Amino acid sequence: MENLNSAVENLIHGSNTLFILMGAVMVLAMHAGFAFLEVGTVRQKNQVNALSKILSDFAVSTLAYFFVGYWIAYGVTFLEPASALAADHGYALVKFFFLLTFAAAIPAIISGGIAERAKFYPQLCATLLIVAFVYPFFEGIVWNGNFGLQDWLKNSFGASFHDFAGSVVVHAVGGWLAFGAVVLLGHRDGRYRDGRLVAFAPSNIPFLALGSWILIVGWFGFNVMSAQTLQGISGLVAVNSLMAMVGGTVAALLVGRNDPGFLHNGPLAGLVAVCAGSDLMHPVGALATGAMAGGLFVWAFTATQVKWRIDDVLGVWPLHGLCGVWGGIACGIFGQQDLGGLGGVSFVSQLIGSGLGILVALVGGFAVYGLLKSTLGIRLSQEEEYYGADLSVHKIGATSQD
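Residues numbered from 1 in each chain as written. Predicted model: local features only at pLDDT ≥ 70, side-chain atom pairs only at ≥ 80, totals over all residues. Heavy atoms only, no water.

### Looking at the pattern of salt bridges
Pairs can form between side chains of opposite charge whenever their charged atoms are close.
Step number 1: If you walk through the whole model with that rule in mind, you get seven salt bridges.
Step number 2: Asp-311 serves as the salt-bridge partner of Arg-188, at 2.8 Å between the closest nitrogen and oxygen. With Arg-188 in the loop between helix 8 (167-185) and strand 1 (192-193) and Asp-311 in the loop between helix 12 (283-307) and helix 13 (316-334), the pair connects residues that are 123 residues apart, well separated along the chain. Taken as a pair, Arg-188 and Asp-311 share a single burial class, namely buried.
Step number 3: Across the salt bridge formed by Glu-385 and Arg-379, the nearest N and O atoms sit 2.8 Å from each other.
Step number 4: Using a relative accessible area of 4% as the deciding quantity, one classes Glu-385 as buried.
Step number 5: Residues joined in a network through salt bridges with shared partners are Arg-43, Glu-116, Arg-188, Arg-191 and Asp-311. (Salt bridge = Lys/Arg side-chain N within 4 Å of Asp/Glu carboxyl O. Helix = DSSP H or I, 4+ residues; strand = E, 2+ residues; numbered from the N terminus. Buried < 20%, exposed > 50% of the residue type's maximum accessible area, 1.4 Å probe, protein only.)

### Structural notes on the nonpolar core
Step number 1: Judged by nonpolar contacts, the single largest core of 106 residues is most densely connected at Tyr-65, Ile-110, Trp-219 and Phe-222.
Step number 2: The element best represented in this core is helix 8, accounting for 13 residues.
Step number 3: With residues up to four places along the chain from it excluded, the contact list for Trp-219 reads Met-30, His-171, Leu-268, Leu-271, Val-272 and Cys-275. (Core = buried A, V, L, I, M, F, W, Y, C linked by side-chain atoms within 4.5 Å. Contact = heavy atoms within 4.5 Å.)

### Quick word on helix 6 (residues 120-143)
Think of an α-helix as turning once every 3.6 residues; residues three or four places apart then point the same way.
Step number 1: Maximal helix bending in helix 6 amounts to about 45 degrees, located at Ile-130.
Step number 2: Burial within helix 6 is extensive, with 17 of its 24 residues counted as buried.
Step number 3: One or two steps after helix 6, the chain reaches Gly-145, where phi turns positive at roughly 75 degrees. (Bend = angle between axes of the 7 residues up to and from the residue.)

### Quick look at helix 14 (residues 347-375)
Step number 1: Taking 1.5 Å of rise per residue, the 29 residues of helix 14 would be expected to cover 42 Å, and the 42 Å separating its terminal C-alpha atoms lies within 8% of that figure.
Step number 2: Put simply, Ser-346 is the residue that caps the front of helix 14, since its side-chain oxygen is 3.4 Å from the backbone nitrogen of Val-348.
Step number 3: Phi turns positive, to about 85 degrees, at Gly-377, one or two residues after helix 14. (Expected span 1.5 Å × (residues − 1). Polar contact = N/O pair within 3.5 Å; in protein donor to acceptor, adjacent residues only side chain to side chain.)

### Quick look at the packing of aromatic side chains
Step number 1: Here the structure, examined in full by the defined rule, presents 26 aromatic pairs.
Step number 2: Ring geometry for Phe-98 and Phe-102: centres 4.9 Å apart, planes at 55 degrees, overall tilted. One end of the pair is Phe-98 and the other is Phe-102, both in helix 4 (residues 87-103) and four residues apart, which spans about a single turn. As far as burial versus exposure is concerned, Phe-98 and Phe-102 are alike and both buried.
Step number 3: When the ring of Trp-299 is compared with that of Trp-308, the centres are 5.9 Å apart and the planes differ by 80 degrees; the resulting orientation is edge-to-face.
Step number 4: Since its relative accessible area comes to 47%, Trp-299 is described here as partly exposed.
Step number 5: Members of the aromatic cluster, joined through ring pairs, are Tyr-65, Phe-66, Phe-67, Tyr-70, Tyr-74, Phe-78 and Phe-96.
Step number 6: Residue placement shows Arg-43 over the ring face of Phe-200; its charged tip is 4.0 Å from the ring centre.
Step number 7: If you follow Lys-95 out to its NZ or CZ, it ends over the ring of Tyr-74, 5.9 Å from the centre. (Phe/Tyr/Trp six-rings, centres within 6.5 Å; stacked < 30°, edge-to-face > 60°. Lys NZ or Arg CZ within 6 Å of the ring centre and 35° of its normal.)

If you want it as structure tokens, here you go:
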């Protein structure tokens, strides 16, 4: 009997390790989606820079999170013998890998907002500071119960702040961090002339669409495998993700009047919004959440660029910042049993948690990028921007005619 119990336990640990490893690989693949979404959206003279930023940011994020960020969030360090790290099939290591891919999504999100005029190495410095300190500070509060906020919310309002897969922890924080960076950078040269917006057309719609599709597919690892164990896996999360994606697509198609840029960002808006409550909502609630997010993205992107003159190249603040906050709030609405959800969620707690995410990201974003702006400088010179970051930073263009 003892041998049987040991074999079963061994099988459970092995299966859970494989399960979360598959999730980590799927979310790792999403970074290719971030890269190609940016490559297709920016002008051709900045395509190499977009690809280089995403990969470099991931490498810096890994170092920052492994040595500092993960310890701040969860109190876990990996500076011990490999024999200890290999316990339970190395599940603790693979869990780090999975959560790292979430942390590294923060600079990948920011990259799209600051494209075409940000210096390369100062951005890597920003990535180091954000992934080591800013992001894990809020991550630990929500997902590890640090500082007692979750216990206070549960005692005060009946439920803690619920964010199953990171609508607020990852997306809203990334979007509002990007907002600070975009504001401090200023708009691209030539973007506004005589008080009017000048259109900078995407360089490659097929690459943009490819990036969107890679993100869509990877998102099912992002959401479903946030359960982190086979015992916790739920088909409800998968179908809710699907319905939110479809809702965002249809809404962006209609509100965006067939614009392919809006169309391919619509499903991403829906998926951003459903992350928080994908394990609680009814599929119809997820559909409504995604549809509202898709419409919100189109409206907010247009207002940001035209009315408010904030030059957020990929619209990462509307897509991740605003739709992420909407997702946190929507969880408190459509997660209720009265609206077909599983319950166990508080609308007030969702408001407080979402608001705190905005506050941490705004303070962190303006602090990090403000510091770098005053020391290293964060913007390319006018001449460098004119020739494009590809030639100015990397000394090579995206294509060759030879």
